[in-house]
Amino acid sequence: MPEVPHGKKYVERATVVRLRKVGMLSLAKMLEQLEQQHMPISISRFNIRRRGGERDSYDVELGLSAFDRTETPKEAAAPTGGAGGGTK
C-alpha cells in the first residue's frame, strides 16, 4: 500500500498480514509482543476465523499501520555537534 502523509512530519505505512493455522496462544503472544514494542503502530484490521474440524486452529487477518517521522532537507543538512566542539 502507498505511504499516506499525516501532517507535516509523519507518514503512515500500512500492510496486511494473513496467518493460517495459527494457535490461540501463539497469536496472543505475538499481539502481546507488538503491544510491548515502543514503536508507533496501530492495528486497523483484526479478523479471526476458526478452522473447521481442527482444534485450536485459526486463520487470522491483521492490518497494521506504522508511523514514521519524515526528515525535511533542512533538518538533514543541520550540523550535529555540541557547542564549541570544533577542531582547529
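Details of the structure are given in the entry above.
Residues numbered from 1 in each chain as written. Predicted model: local features only at pLDDT ≥ 70, side-chain atom pairs only at ≥ 80, totals over all residues. Heavy atoms only, no water.

J.: Looking at this structure, how should I read the pairing of strand β4 (residues 58-69)?
T.: Looking along a regular strand, one sees the side chains alternate between the two faces of the sheet. For β4, a buried count of nine out of 12 residues is recorded, marking the element as mostly surrounded by other parts of the structure. Taken together, the 11 bridges between strand β2 (residues 10-22) and β4 define a ladder with antiparallel strand orientation. Note that in β4 the partner of R18 across the bridge is E61. In this structure, strand β3 (residues 41-50) lies alongside β4, joined through nine bridges in antiparallel fashion. Directly across from F46, in β4, lies its bridge partner L62. (Buried < 20%, exposed > 50% of the residue type's maximum accessible area, 1.4 Å probe, protein only. Helix = DSSP H or I, 4+ residues; strand = E, 2+ residues; numbered from the N terminus. Pairing = 2+ DSSP bridges.)

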